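# Structural description and commentary
Each chain, letter by letter, is given below.
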Amino acid sequence: MKQKSYGYSRQYIDQDDINAVVEVLKSDFLTTGPKVAEFEEAIRQYLGVKYAVCVSSGTASLHIAAICMLEKGDKVLTTPISFLATSNAIVYAQAVPVFVDVDDQANIDLNLCEDILKKDSTIKAIFAVDFAGNMVDPKGLMYLSQKFGVKILEDCAHSLGASFDSYKAGDCSFCDVATLSFHPVKSITSAEGGCVVTNSETIAKKATILRNHGIVRDSSAFIYSDENPLYFEMQELGFNYRLSDVHSALGLSQLKKIDLFLNTRRNLAKKYDKAFSNTPIRSLHKNASASYHLYVVRVNFKELGKRRADIIKSLKSNGIMLQTHYIPINAQPFYQKMGYDPLETPKAIEYYNECLSIPLYVGIDDSEQEFIIDAIKSEILY
Ligand SMILES: Cc1ncc(COP(=O)(O)O)c(C=O)c1O
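Let me sum up the structure you'll find in this document. (Residues numbered from 1 in each chain as written. Predicted model: local features only at pLDDT ≥ 70, side-chain atom pairs only at ≥ 80, totals over all residues. Heavy atoms only, no water.)

Next up on the list: the overall build of the protein chain. Within the protein chain, the regular secondary structure consists of 14 helices and 14 strands. Relative to the compact-globule value of 21 Å for 382 residues, the protein chain shows a C-alpha radius of gyration of 22 Å, a close match. Taken along its principal axes, the extent of the C-alpha atoms in the protein chain is 80 × 55 × 40 Å. Split into buried and exposed, the 382 residues of the protein chain put 54% on the buried side. Pairs at least 24 residues apart make up 72% of the contacts formed inside the protein chain by residues separated by at least 6 positions. Accessible surface, the protein chain: about 17600 Å² in total, of which carbon and sulfur atoms supply 52%. Side-chain charges in the protein chain split into 41 positive and 46 negative, and the spacing between the mean points of these groups amounts to 4 Å. (Helix = DSSP H or I, 4+ residues; strand = E, 2+ residues; numbered from the N terminus. Rg over C-alpha atoms; globule rule 2.2 N^0.38 Å. Buried < 20%, exposed > 50% of the residue type's maximum accessible area, 1.4 Å probe, protein only. Contact = heavy atoms within 4.5 Å. Areas by Shrake-Rupley, 256 points an atom, 1.4 Å probe, with all protein chains shown as cover. Lys, Arg positive; Asp, Glu negative; His and termini not counted. Charge placed at Lys NZ, Arg CZ, Asp CG, Glu CD.)

Taking every second residue as pointing to the same face, both faces of strand 13 (residues 295–298) are buried, with Tyr295 and Val297 on one and Val296 and Arg298 on the other. Taken together, the 2 bridges between strand 12 (residues 282–283) and strand 13 define a ladder with antiparallel strand orientation. Across the sheet, residue Arg282 finds its bridge partner in strand 13, namely Arg298. Where strand 13 and strand 14 (residues 355–358) come together, 4 bridges link them in antiparallel fashion. (Pairing = 2+ DSSP bridges.)

Taken together, the neighbourhood of the ligand is formed by 16 residues, with Gly58, Thr59, Asp155, His158 and Ser181 sitting nearest. Contacts to the ligand include Gly58, whose backbone N or O atom sits 2.8 Å from an oxygen atom. Within the contact set of the ligand, an oxygen atom lies 2.8 Å away from a side-chain nitrogen or oxygen of Ser181. Alone, the ligand offers 390 Å² of accessible surface; in the complex the protein occludes 91% of this. Among the detected pockets, the ligand sits in the largest pocket. Elements that contribute at least two residues to the shell around the ligand include exactly helix 3 (58–69) and helix 4 (85–92). The element that contributes the greatest number of residues to the shell around the ligand is helix 3, accounting for 3 residues. Here the residues of the shell around the ligand are counted per class, giving 6 nonpolar, 8 polar and 2 charged. (Near = heavy atom within 4 Å. Polar contact = N/O pair within 3.5 Å; in protein donor to acceptor, adjacent residues only side chain to side chain. 1 Å grid on protein atoms, 1.4 Å probe; cavity = no way out; pocket = protein on both sides within 12 Å on 5 of 7 lines; lining within 4 Å. Sits in = over half its atoms within 2 Å of the grid points. Nonpolar A, V, L, I, M, F, W, Y, C, P; charged D, E, K, R; others polar.)

With that settled, the discussion passes to the layout of surface pockets. If you add up the space inside the largest pocket, you get close to 500 Å³. Lining the largest pocket are 31 residues; nearest its centre among them are Phe83, Ala85, His158, Lys186 and Tyr326. For the lining of the largest pocket, the elements supplying multiple residues, two or more each, are helix 3, helix 4 and strand 8 (177–181). When residues of the lining of the largest pocket are assigned to their parent elements, the largest contribution, 4 residues, is made by helix 3. Across the lining of the largest pocket, the residue classes break down as 12 nonpolar, 16 polar and 3 charged. Surrounding the second largest pocket, 18 residues form its lining, Lys205, Thr208, Ile209, Ile215 and Arg217 being those nearest its centre. Those elements that provide at least two residues to the lining of the second largest pocket are helix 2 (34–47), helix 7 (201–210) and strand 10 (215–216). Sort the elements by how many residues they give to the lining of the second largest pocket and helix 7 lands first, with 4 residues. (Points joined across faces, edges and corners; volume = space filled by probe spheres on them.)

A word on the environment of Asn240. With respect to the secondary-structure elements, Asn240 resides in the loop between strand 11 (233–234) and helix 8 (245–255). Taking relative accessible area as the criterion, Asn240 reaches 44% and is therefore assigned partly exposed. Through-space distance from the C-alpha of Asn240 to that of Arg211 is 5.7 Å; in sequence the pair is 29 residues apart. Setting aside anything within four residues of it in sequence, one finds Asn240 in contact with Arg211 and His213. Separated by 3.2 Å, the side chain of Asn240 and the backbone nitrogen of Arg242 make a polar contact.

Below is the structure:
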């Protein structure tokens, strides 16, 4: 019999999701049809924001948001502990990432941001990431944006559904733009997909144009005129970052289940918290209303006298696939070649050397979680 394997995360698809996709496949529009607007409206309602512009991936949402927010050469504070897409988007927009070290939750350290902003008035924005589904303190971000006049982007790829006091990830009450990802491991999936959310009409309009090659079809916004009723204008250098109706239908169906998904993830997390309490396996998570995109543990392998590499390999042979989220971005060869030095963010390196993401997704049952806990404990502790 084939051994069951457990990745760090995966999608949960039910018959309603399949029916929603099949319905679109049988309809007239596979793309640029009505499902995209329906999905956008559902996101708008869920987050309580004015505008939601769906695009083909979380990376596309970051790219478009970066173009809307930044000018060439702008310096942007961001975190080394994220997926590459966050800082890559800054580079795509010909702006300059400034990597800030991380706090105890491996989120960008807002105290260090303040120190840098006090010294460098040329910094224009902060691209903050709600790592693992733990939100960066909204009040802290608001304080920095008001005090130093910097724009704020909240990368909510991990945090759709999370809250922090009265703030909801992506509600745009404390940031200019938030970006979402609907990759299969995220809170909800559209297979691939993303969204730019904002309360700014200007940004929403520009994002809508940029996702479709920079094309404008509304005659009242034309720069030139032409009597051809099929005339359109390309006013910006845009992209094909459209989300299809097939993907939108899946996303829409998944969004209806988000509360169920979040509760399940939070319950699994609670069991892990209990299982690892009073052990050298330390949970990264402190906020019960996080979205738990990941369940990250930290272990001081040196102190324990063990090699993380051996543990990863051994658990893999038992079907438990761990991950290390993330290798600090400023340690990547591309960034080091640009002159960045990971030693400038020592807490990010320390975090990276200790982190492990363990399986957390809808579909793990009680006995499977017991099996995972026992296997991890016996590898790491004994
Ligand atoms: C923090 C973060 N931002 C952005 C992205 C990019 O999203 P996508 O894979 O949908 O392009 C990811 C993807 O994993 C991510 O983890």
